[in-house]
Amino acid sequence: MSTLAVREVTQAVISNEIVNQFTKFLDVRPLTIRSYSSGLKMFAKYLYSTKIENPTRDNILAFKKELEALGRKPSTIALYISALRRFFSWTEQAGFYPNITVGIKSPKLSKGHKKDCFSAPQIKSILKGIDRSNREGMRNYAIMALMATGGLRTIEISRAKIEDLRTVGGVPVLYIQGKGRTERTEFVKITSQVEEAIRQYLKMRGKVDATEALFASESKRNKGECLTTRSISGICKSAMNLAGFNSKQLTAHSLRHTAVTLALMNGQSLEEVQHFARHLSVNTTLIYSHAVNRMKSQCENVIANLIF
(Lines give C-alpha, C1' and ligand atoms only; values in the text may rest on other atoms or scores of the structure.)
Protein backbone atom coordinates (compact mmCIF):
# COMPACT_ATOMS: atom_id res chain seq x y z
CA MET A 1 0.00 0.00 0.00
CA SER A 2 1.38 3.37 -0.94
CA THR A 3 2.14 5.87 1.80
CA LEU A 4 -0.23 8.79 1.86
CA ALA A 5 0.45 12.27 3.16
CA VAL A 6 -1.31 13.22 6.38
CA ARG A 7 -3.52 15.75 4.65
CA GLU A 8 -4.58 13.15 2.04
CA VAL A 9 -5.46 10.68 4.76
CA THR A 10 -7.57 12.98 6.85
CA GLN A 11 -9.60 14.21 3.95
CA ALA A 12 -9.84 10.90 2.16
CA VAL A 13 -10.75 8.96 5.28
CA ILE A 14 -13.19 10.28 4.78
CA SER A 15 -13.28 9.78 1.07
CA ASN A 16 -14.54 6.66 -0.62
CA GLU A 17 -11.02 5.76 -1.76
CA ILE A 18 -9.56 5.41 1.74
CA VAL A 19 -12.66 3.79 3.17
CA ASN A 20 -12.50 1.21 0.38
CA GLN A 21 -8.81 0.49 1.09
CA PHE A 22 -9.59 0.02 4.76
CA THR A 23 -12.62 -2.21 4.25
CA LYS A 24 -10.71 -4.42 1.79
CA PHE A 25 -8.15 -4.96 4.54
CA LEU A 26 -10.81 -6.11 7.00
CA ASP A 27 -11.74 -9.78 7.34
CA VAL A 28 -15.28 -9.27 8.57
CA ARG A 29 -18.83 -9.76 7.38
CA PRO A 30 -20.48 -7.26 4.97
CA LEU A 31 -22.80 -5.96 7.70
CA THR A 32 -19.78 -5.04 9.87
CA ILE A 33 -18.15 -3.31 6.92
CA ARG A 34 -21.28 -1.22 6.37
CA SER A 35 -21.38 -0.32 10.06
CA TYR A 36 -17.71 0.72 10.11
CA SER A 37 -18.14 2.76 6.91
CA SER A 38 -21.09 4.57 8.50
CA GLY A 39 -19.01 5.48 11.55
CA LEU A 40 -16.10 6.75 9.46
CA LYS A 41 -18.34 8.87 7.27
CA MET A 42 -19.95 10.40 10.35
CA PHE A 43 -16.51 11.34 11.69
CA ALA A 44 -15.57 12.74 8.28
CA LYS A 45 -18.61 15.02 8.35
CA TYR A 46 -17.61 16.19 11.80
CA LEU A 47 -14.06 17.02 10.63
CA TYR A 48 -15.39 18.85 7.59
CA SER A 49 -17.84 20.91 9.62
CA THR A 50 -15.14 21.90 12.12
CA LYS A 51 -12.51 22.49 9.40
CA ILE A 52 -10.10 20.01 11.02
CA GLU A 53 -7.56 18.52 8.62
CA ASN A 54 -5.25 16.67 11.01
CA PRO A 55 -7.38 15.04 13.73
CA THR A 56 -6.00 14.35 17.18
CA ARG A 57 -7.14 12.37 20.20
CA ASP A 58 -8.90 15.48 21.51
CA ASN A 59 -10.92 15.64 18.31
CA ILE A 60 -12.08 12.07 18.83
CA LEU A 61 -13.22 12.98 22.35
CA ALA A 62 -15.00 16.08 21.06
CA PHE A 63 -16.70 14.00 18.37
CA LYS A 64 -17.87 11.57 21.03
CA LYS A 65 -19.32 14.40 23.14
CA GLU A 66 -21.10 15.86 20.12
CA LEU A 67 -22.75 12.51 19.41
CA GLU A 68 -23.94 12.41 23.02
CA ALA A 69 -25.27 15.95 22.73
CA LEU A 70 -27.16 14.99 19.58
CA GLY A 71 -28.88 12.27 21.56
CA ARG A 72 -27.32 9.33 19.71
CA LYS A 73 -27.84 6.00 21.43
CA PRO A 74 -24.89 4.65 23.47
CA SER A 75 -24.85 1.57 21.22
CA THR A 76 -24.49 3.80 18.14
CA ILE A 77 -21.70 5.83 19.72
CA ALA A 78 -19.94 2.61 20.76
CA LEU A 79 -20.15 1.37 17.17
CA TYR A 80 -18.67 4.60 15.78
CA ILE A 81 -15.84 4.60 18.32
CA SER A 82 -15.11 0.95 17.52
CA ALA A 83 -14.90 1.83 13.83
CA LEU A 84 -12.47 4.69 14.53
CA ARG A 85 -10.31 2.47 16.75
CA ARG A 86 -10.07 -0.16 14.05
CA PHE A 87 -9.41 2.41 11.35
CA PHE A 88 -6.64 4.35 13.09
CA SER A 89 -5.03 1.10 14.23
CA TRP A 90 -4.86 0.25 10.54
CA THR A 91 -3.42 3.64 9.54
CA GLU A 92 -0.69 3.31 12.20
CA GLN A 93 0.09 -0.25 11.10
CA ALA A 94 0.38 0.98 7.51
CA GLY A 95 2.76 3.68 8.71
CA PHE A 96 1.03 6.81 7.50
CA TYR A 97 -0.98 8.12 10.47
CA PRO A 98 -0.69 7.57 14.22
CA ASN A 99 -3.39 5.80 16.19
CA ILE A 100 -5.15 8.71 17.87
CA THR A 101 -7.78 6.51 19.53
CA VAL A 102 -5.53 4.99 22.20
CA GLY A 103 -7.31 5.16 25.56
CA ILE A 104 -10.63 6.29 24.07
CA LYS A 105 -13.42 4.43 25.84
CA SER A 106 -16.82 3.53 24.46
CA PRO A 107 -19.91 4.43 26.50
CA LYS A 108 -21.03 1.77 28.95
CA LEU A 109 -23.91 -0.22 27.56
CA SER A 110 -26.74 -1.53 29.67
CA LYS A 111 -26.70 -5.31 30.07
CA GLY A 112 -30.46 -5.37 30.40
CA HIS A 113 -32.89 -5.68 27.52
CA LYS A 114 -33.84 -2.57 25.61
CA LYS A 115 -37.12 -4.07 24.42
CA ASP A 116 -40.12 -5.36 26.36
CA CYS A 117 -41.72 -8.77 26.00
CA PHE A 118 -45.30 -10.00 25.84
CA SER A 119 -47.37 -12.33 27.96
CA ALA A 120 -48.77 -15.50 26.39
CA PRO A 121 -52.35 -14.05 26.22
CA GLN A 122 -51.00 -10.91 24.53
CA ILE A 123 -49.22 -12.98 21.85
CA LYS A 124 -52.44 -14.92 21.35
CA SER A 125 -54.41 -11.71 20.80
CA ILE A 126 -51.84 -10.41 18.29
CA LEU A 127 -51.94 -13.63 16.27
CA LYS A 128 -55.73 -13.70 16.40
CA GLY A 129 -55.87 -10.21 14.89
CA ILE A 130 -53.98 -11.21 11.73
CA ASP A 131 -56.24 -11.68 8.70
CA ARG A 132 -55.38 -15.11 7.27
CA SER A 133 -57.81 -15.04 4.37
CA ASN A 134 -55.05 -14.25 1.87
CA ARG A 135 -51.50 -15.42 1.18
CA GLU A 136 -49.81 -12.37 2.68
CA GLY A 137 -51.79 -12.64 5.90
CA MET A 138 -51.10 -16.37 6.18
CA ARG A 139 -47.40 -15.65 5.69
CA ASN A 140 -47.39 -12.96 8.37
CA TYR A 141 -49.20 -15.23 10.82
CA ALA A 142 -46.73 -18.07 10.19
CA ILE A 143 -43.75 -15.74 10.63
CA MET A 144 -44.94 -14.33 13.94
CA ALA A 145 -46.03 -17.70 15.30
CA LEU A 146 -42.61 -19.14 14.45
CA MET A 147 -40.75 -16.20 16.02
CA ALA A 148 -42.85 -16.29 19.18
CA THR A 149 -42.45 -20.04 19.75
CA GLY A 150 -38.94 -20.54 18.39
CA GLY A 151 -37.32 -17.30 19.47
CA LEU A 152 -36.06 -16.54 15.97
CA ARG A 153 -34.34 -13.32 14.99
CA THR A 154 -35.46 -11.34 11.93
CA ILE A 155 -32.22 -12.25 10.11
CA GLU A 156 -32.95 -15.95 10.68
CA ILE A 157 -36.44 -15.55 9.20
CA SER A 158 -35.02 -13.61 6.25
CA ARG A 159 -32.44 -16.31 5.46
CA ALA A 160 -34.79 -19.29 5.78
CA LYS A 161 -35.34 -21.45 2.68
CA ILE A 162 -38.06 -24.01 2.05
CA GLU A 163 -35.43 -26.77 2.00
CA ASP A 164 -34.48 -25.84 5.57
CA LEU A 165 -37.71 -27.47 6.73
CA ARG A 166 -36.63 -30.96 7.74
CA THR A 167 -37.40 -33.75 10.20
CA VAL A 168 -35.07 -34.82 13.02
CA GLY A 169 -36.04 -37.88 15.06
CA GLY A 170 -39.57 -37.65 13.73
CA VAL A 171 -39.88 -34.01 14.83
CA PRO A 172 -40.34 -31.18 12.30
CA VAL A 173 -37.53 -28.64 12.53
CA LEU A 174 -36.24 -25.58 10.73
CA TYR A 175 -32.49 -25.36 10.20
CA ILE A 176 -31.36 -21.77 10.56
CA GLN A 177 -28.38 -19.63 9.72
CA GLY A 178 -28.04 -17.67 12.92
CA LYS A 179 -26.53 -14.32 13.77
CA GLY A 180 -22.85 -14.22 12.76
CA ARG A 181 -23.03 -17.72 11.25
CA THR A 182 -22.09 -18.78 7.73
CA GLU A 183 -23.76 -22.21 7.79
CA ARG A 184 -27.07 -23.72 8.84
CA THR A 185 -25.81 -25.88 11.70
CA GLU A 186 -28.56 -25.23 14.27
CA PHE A 187 -32.26 -25.88 14.22
CA VAL A 188 -35.43 -24.96 16.07
CA LYS A 189 -38.25 -27.42 16.64
CA ILE A 190 -41.55 -26.49 15.04
CA THR A 191 -44.69 -27.12 17.03
CA SER A 192 -47.71 -28.72 15.34
CA GLN A 193 -49.63 -25.43 15.33
CA VAL A 194 -46.79 -23.53 13.69
CA GLU A 195 -46.08 -26.33 11.21
CA GLU A 196 -49.73 -26.27 10.12
CA ALA A 197 -49.58 -22.50 9.60
CA ILE A 198 -46.40 -22.81 7.49
CA ARG A 199 -47.80 -25.69 5.42
CA GLN A 200 -51.03 -23.79 4.76
CA TYR A 201 -49.02 -20.78 3.63
CA LEU A 202 -46.84 -22.86 1.31
CA LYS A 203 -49.96 -24.53 -0.12
CA MET A 204 -51.36 -21.10 -0.95
CA ARG A 205 -48.13 -20.25 -2.79
CA GLY A 206 -48.59 -23.20 -5.13
CA LYS A 207 -45.68 -24.92 -6.84
CA VAL A 208 -42.36 -23.63 -5.48
CA ASP A 209 -38.76 -24.80 -5.60
CA ALA A 210 -37.12 -26.04 -2.41
CA THR A 211 -34.34 -23.47 -2.80
CA GLU A 212 -36.79 -20.55 -2.69
CA ALA A 213 -37.37 -18.33 0.33
CA LEU A 214 -39.53 -19.90 3.01
CA PHE A 215 -41.26 -16.55 3.51
CA ALA A 216 -41.39 -14.69 0.22
CA SER A 217 -41.98 -11.05 -0.56
CA GLU A 218 -45.31 -10.10 -2.14
CA SER A 219 -44.20 -6.67 -3.35
CA LYS A 220 -44.07 -6.01 -7.11
CA ARG A 221 -40.42 -4.96 -7.01
CA ASN A 222 -39.02 -8.15 -5.47
CA LYS A 223 -41.90 -10.61 -5.54
CA GLY A 224 -40.86 -14.14 -4.52
CA GLU A 225 -37.54 -13.05 -3.05
CA CYS A 226 -36.50 -13.27 0.60
CA LEU A 227 -38.07 -10.71 2.89
CA THR A 228 -35.62 -8.16 4.26
CA THR A 229 -35.16 -7.83 8.01
CA ARG A 230 -36.72 -4.39 7.73
CA SER A 231 -39.82 -5.84 6.07
CA ILE A 232 -40.11 -8.53 8.74
CA SER A 233 -39.84 -5.91 11.47
CA GLY A 234 -42.56 -3.90 9.76
CA ILE A 235 -44.85 -6.92 9.51
CA CYS A 236 -44.48 -7.62 13.22
CA LYS A 237 -44.90 -3.99 14.24
CA SER A 238 -48.06 -3.62 12.16
CA ALA A 239 -49.64 -6.69 13.76
CA MET A 240 -48.72 -5.42 17.22
CA ASN A 241 -50.19 -1.98 16.53
CA LEU A 242 -53.37 -3.54 15.17
CA ALA A 243 -53.77 -5.45 18.44
CA GLY A 244 -53.30 -2.23 20.43
CA PHE A 245 -49.66 -2.64 21.43
CA ASN A 246 -48.12 0.64 20.27
CA SER A 247 -45.12 1.01 22.59
CA LYS A 248 -41.74 1.83 21.05
CA GLN A 249 -40.30 -0.83 23.35
CA LEU A 250 -42.30 -3.54 21.57
CA THR A 251 -40.71 -4.65 18.30
CA ALA A 252 -40.07 -7.81 16.29
CA HIS A 253 -37.22 -8.62 18.68
CA SER A 254 -39.74 -8.59 21.52
CA LEU A 255 -41.03 -11.91 20.15
CA ARG A 256 -37.63 -13.47 20.80
CA HIS A 257 -37.55 -11.96 24.30
CA THR A 258 -41.02 -13.34 24.87
CA ALA A 259 -40.05 -16.88 23.84
CA VAL A 260 -37.01 -16.96 26.13
CA THR A 261 -38.84 -15.38 29.05
CA LEU A 262 -41.84 -17.70 28.81
CA ALA A 263 -39.55 -20.73 28.67
CA LEU A 264 -37.76 -19.66 31.87
CA MET A 265 -40.96 -18.68 33.67
CA ASN A 266 -42.47 -22.07 32.98
CA GLY A 267 -39.77 -24.28 34.43
CA GLN A 268 -37.21 -24.79 31.68
CA SER A 269 -33.65 -24.97 32.98
CA LEU A 270 -31.02 -22.32 32.29
CA GLU A 271 -29.05 -24.77 30.15
CA GLU A 272 -32.13 -25.78 28.15
CA VAL A 273 -33.03 -22.17 27.47
CA GLN A 274 -29.45 -21.31 26.51
CA HIS A 275 -29.50 -24.01 23.83
CA PHE A 276 -33.01 -23.06 22.76
CA ALA A 277 -32.08 -19.38 22.34
CA ARG A 278 -28.69 -20.26 20.78
CA HIS A 279 -26.84 -18.01 23.20
CA LEU A 280 -23.07 -18.43 22.89
CA SER A 281 -22.64 -17.56 26.56
CA VAL A 282 -24.83 -18.57 29.48
CA ASN A 283 -24.32 -15.02 30.78
CA THR A 284 -26.71 -13.80 28.10
CA THR A 285 -29.34 -16.26 29.29
CA LEU A 286 -28.71 -15.18 32.86
CA ILE A 287 -29.86 -11.67 31.97
CA TYR A 288 -33.28 -13.13 31.25
CA SER A 289 -33.12 -15.30 34.34
CA HIS A 290 -32.44 -12.32 36.60
CA ALA A 291 -35.40 -10.45 35.10
CA VAL A 292 -37.68 -13.47 35.53
CA ASN A 293 -36.60 -13.95 39.15
CA ARG A 294 -37.18 -10.27 39.81
CA MET A 295 -40.70 -10.49 38.41
CA LYS A 296 -41.45 -13.52 40.58
CA SER A 297 -40.27 -11.72 43.70
CA GLN A 298 -43.03 -10.74 46.14
CA CYS A 299 -40.91 -8.21 48.06
CA GLU A 300 -43.13 -5.23 47.28
CA ASN A 301 -46.31 -7.07 48.30
CA VAL A 302 -44.75 -8.34 51.53
CA ILE A 303 -43.63 -4.83 52.47
CA ALA A 304 -46.98 -3.29 51.52
CA ASN A 305 -48.85 -5.85 53.62
CA LEU A 306 -46.65 -5.00 56.62
CA ILE A 307 -47.25 -1.27 56.21
CA PHE A 308 -50.91 -1.20 55.26
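Everything quoted here is computed from the prediction, not taken from an experiment. (Residues numbered from 1 in each chain as written. Predicted model: local features only at pLDDT ≥ 70, side-chain atom pairs only at ≥ 80, totals over all residues. Heavy atoms only, no water.)

Caption draft 1: View of the overall build of the chain. Scanning the chain from N- to C-terminus turns up 14 helices and three strands. The principal-axis extent of the C-alpha atoms belonging to the chain is close to 65 × 65 × 35 Å. Evaluated residue by residue, the chain yields a buried proportion of 40% over its 308 residues. In the chain, of all internal contacts separated by at least 6 residues, the share reaching a separation of at least 24 is 57%. For the chain, the exposed area adds up to about 17,800 Å²; of that, 53% sits on carbon and sulfur atoms. Here the chain contributes 46 positive and 25 negative side-chain charges, whose respective centroids are spaced 4 Å apart. (Helix = DSSP H or I, 4+ residues; strand = E, 2+ residues; numbered from the N terminus. Buried < 20%, exposed > 50% of the residue type's maximum accessible area, 1.4 Å probe, protein only. Contact = heavy atoms within 4.5 Å. Areas by Shrake-Rupley, 256 points an atom, 1.4 Å probe, with all protein chains shown as cover. Lys, Arg positive; Asp, Glu negative; His and termini not counted. Charge placed at Lys NZ, Arg CZ, Asp CG, Glu CD.)

Caption draft 2: Spotlight on a nonpolar patch on the surface. Side chains of Val302, Ile303, Leu306, Ile307 and Phe308 sit close together on the surface and give an oily, nonpolar patch of about 630 Å² of accessible area. As for its placement among the helices and strands, isoleucine 307 is situated in helix α14 (residues 299-307). Isoleucine 307 sits in the exposed class, given a relative accessible area of 59%. (Patch = residues over 30% accessible without salt bridge, like charges linked within 9 Å, V, L, I, M, F, W, Y side chains within 5 Å. Salt bridge = Lys/Arg side-chain N within 4 Å of Asp/Glu carboxyl O.)

Caption draft 3: Here's a closer look at empty space enclosed by the protein. Taken as a whole, this structure holds one cavity of 30 Å³ or more when the rule is applied. Its boundaries defined by the atoms lining it, the largest cavity holds a volume of some 40 Å³. Looking at the largest cavity, the residues that line it are Leu165, Arg166, Pro172, Val173, Ile190, Glu195, Ile198 and Arg199. Where the lining of the largest cavity is concerned, the elements lending two or more residues are β1 (165-168), β2 (171-176) and α9 (192-205). Element by element, the count of residues in the lining of the largest cavity is highest for α9, at three residues. Classifying every residue of the lining of the largest cavity gives five nonpolar, no polar and three charged. (1 Å grid on protein atoms, 1.4 Å probe; cavity = no way out; pocket = protein on both sides within 12 Å on 5 of 7 lines; lining within 4 Å. Points joined across faces, edges and corners; volume = space filled by probe spheres on them. Nonpolar A, V, L, I, M, F, W, Y, C, P; charged D, E, K, R; others polar.)

Caption draft 4: Quick peek at the packing of helix α3 (residues 30-49) against helix α5 (residues 74-94). Relative orientation of the contacting elements α3 and α5 amounts to 90°, with a least axis distance of 8 Å. Classed by the angle they form, the pair α3 and α5 counts as roughly perpendicular. Note on element contacts: α5 touches α3 through Leu79, Tyr80, Ser82, Ala83, Leu84, Arg86, Phe87 and Phe88, opposite Ser35, Tyr36, Ser38, Gly39, Leu40, Met42 and Phe43. Partitioning the contact of α3 with α5 into residue classes produces ten nonpolar, four polar and one charged. (Axes fitted to C-alpha atoms, helices over the stretch in contact; angles between N-to-C directions. Parallel < 35°, antiparallel > 145°, perpendicular 65-115°, else oblique.)

Caption draft 5: How the structure looks around the pairing of β2. The buried fraction of β2 amounts to five of the six residues, a majority that puts the element mostly inside the structure. Pairing of β1 with β2, which is carried by four bridges, proceeds in the antiparallel orientation. In the strand pairing of β2, threonine 167 is matched with proline 172. In the sheet, β2 pairs with strand β3 (residues 186-189) via four bridges, with the strands oriented antiparallel. Across the sheet, residue isoleucine 176 finds its bridge partner in β3, namely glutamate 186. (Pairing = 2+ DSSP bridges.)

Caption draft 6: Focus on unusual backbone geometry. Of note, the phi angle at lysine 51 is positive, near 60°, even though the residue is not glycine. By the secondary structure assignment, lysine 51 is in the loop between α3 and α4 (57-69). The class of lysine 51 is exposed, set by a relative accessible area of 73%. One non-glycine residue, arginine 278, lies in the positive phi region at around 60°.

Caption draft 7: Highlighting α4. An ideal rise of 1.5 Å per residue puts 18 Å on 13 residues; α4 measures up with 19 Å between its terminal C-alpha atoms. All of the buried residues in α4 are Asn59, Ile60, Phe63, Lys64 and Leu67. Relative to the axis of α4, the buried residues are bounded by an arc of 145° and lie together on one face. More than 90 degrees from the buried face of α4, the exposed residues found are Asp58, Lys65 and Ala69. As for α4, its buried residues are in contact with α3 and α5. (Expected span 1.5 Å × (residues − 1). Arc of directions from axis to C-beta.)

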